[in-house]
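Structural description and commentary
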Amino acid sequence: MKEKRNITIIDKKQIPSEEPARQYYFMDIAKKYVAELAEQKGAPLTFCVTTFGCQMNARDSEKLVGILEQIGYVEAPDEKADFVIYNTCTVRENANNKVYGRLGYLQGFKKKNPYMMIGLCGCMMQEPTVVEKIQNSYRFVDLIFGTHNIYKFAELIVTALESDSMTIDIWKDTDKIVEDLPVERKYSFKSGVNIMFGCNNFCSYCIVPYTRGRERSREPRSILAEVEDLRSRGFREVTLLGQNVNSYRFGDMDFAALLSAVAEAAPDMRVRFTTSHPKDMTDRIIAAIAAHRNICRHVHLPVQSGSDKVLKAMNRKYTRRWYLDRVEALRKAIPEVSVTTDLFTGFHDESEDDFLETLSLMREVGF
């Protein structure tokens, strides 16, 4: 049982049901609570957001920072802050262990700081066994939420501040995308723009479809509006983000059409995208890259293995020949293109011959 904070609970009336109005309502309440606690402390409340994992997590953390600053928190240089949030990744076991280790480190700070809150979010929190472990072994944590309801952060902060127990809000999946919430971009010259969320591929080694859910794509007009906002503020580079970015589809618009639309809408900005799946690297996408000089001549195309046997075991849904054909098509259309990749070695039942096939593919492609 955590200690309840000494705040005057605000009576909530006529809470908006529609988003994002609902979250702005809770931001106003959170702002009053934060101001009251800062007055008690005699100094502004501080926060520290630590991000583990991919570009999608980094983009999510920008949203967390934007909301925290909106309600009155001030960013601190380290974890000796009044609100520490770990935005977690669960692709690698080492990342999980790192979070547990850092939680133990934070417990000492929390015992000395009555204003301190600890929050956990991200992919790791989508695993029921993880949440159970935190409930049992790290009962000093204040707030746990997952990947699908990050837009509810302001509402969850209010719940956690008002509560004397751990606040847990985990969704198994969602089809909801909420726009137009505060965001604090990490860099002033480049930024990512989410164009889709989730993944439908179910590669045998990957937990992402279970932690991020099924694919859902943003409306093109909201993507283009966000790109235009970045452009108007002097940003020079935009990266289109998705777990499987080139499977984007909204109505009749596929990724090739969206990529062209972004490049044409922001001709003075560099355009990148990540991460691509080889099975979705179409001739239309290649043609779109070739047709627009402001789309960077770089494609990250994870092959994972050069062996058809291993690729099948991975459920990657393409062959070695298909991959080599896509690289050949890229280099034919864009001779100066840079191709980078991800690789496994020692995958389950991989033989020496399978490994040698991966080596030969690496030599043939020349990443």
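Refer to the structure printed above.
These notes cover the structure that comes with them. Given the structure is predicted, the values throughout are model-derived calculations rather than measurements. (Residues numbered from 1 in each chain as written. Predicted model: local features only at pLDDT ≥ 70, side-chain atom pairs only at ≥ 80, totals over all residues. Heavy atoms only, no water.)

**Details of the sheet that holds strand β13 (residues 270-274)**
Stated formally: The rule for pairing is simple: two strands pair if DSSP sees at least two bridges between them. Each helix corresponds to a stretch of at least 4 residues labelled H or I by DSSP, and each strand to a stretch of at least 2 residues labelled E; elements are numbered beginning at the N terminus. An axis is simply a line fitted to the C-alpha atoms; with a helix, the fit covers only the stretch in contact. Between two such axes, the angle follows the N-to-C directions and lies from 0 to 180 degrees. Contact criterion: two residues are considered in contact whenever any of their non-hydrogen atoms come within 4.5 Å of each other.
The sheet built from three strands is open, its strands ordered β7-β10-β13 with parallel pairing. If you trace the sheet from one side to the other, it starts and ends with β7 (190-194) and β13, each paired once. With direction set aside, neighbouring strand axes in the sheet form an average angle of 25°. Relative to the sheet, helix α2 (residues 55-70) contacts β7, β10 (237-241) and β13, its axis offset from that of β7 by approximately 100°.

**Here we look at a negative patch on the surface**
For the record, the criterion: Within the patch definition used here, like charges are joined within 9 Å and nonpolar side chains (Val, Leu, Ile, Met, Phe, Trp, Tyr) within 5 Å, considering only residues with over 30% relative accessible area and no salt bridge. To be clear on the numbers: accessible area is Shrake-Rupley with a 1.4 Å probe, and residue cover counts the displayed protein chains and nothing else. Throughout this description, the term salt bridge denotes a Lys or Arg side-chain nitrogen within 4 Å of a carboxyl oxygen of Asp or Glu. Asp and Glu are treated as the negative residues and Lys and Arg as the positive ones, with His and the ends of the chain left uncounted. Taken as the charge location is NZ of Lys, CZ of Arg, CG of Asp or CD of Glu. Buried, partly exposed and exposed residues are distinguished by accessible area as a fraction of the type maximum, computed with a 1.4 Å probe on protein chains only: under 20%, between the cut-offs, and over 50%, respectively.
Taken together, the side chains of Asp308, Glu352, Asp353 and Glu357 define an acidic patch exposed on the protein surface. A per-element tally of the negative patch places helix α12 (residues 352-365) first, with three residues. Overall, the relative accessible area of 55% leaves Asp353 in the exposed class.

**Remarks on the environment of Ser351**
Among the structural elements, Ser351 can be located in the loop between β15 (338-340) and α12. Given the relative accessible area of 30%, Ser351 is considered partly exposed. When the C-alpha positions of Ser351 and Ser307 are compared, they lie 9.7 Å apart, and in sequence the two are 44 residues distant.

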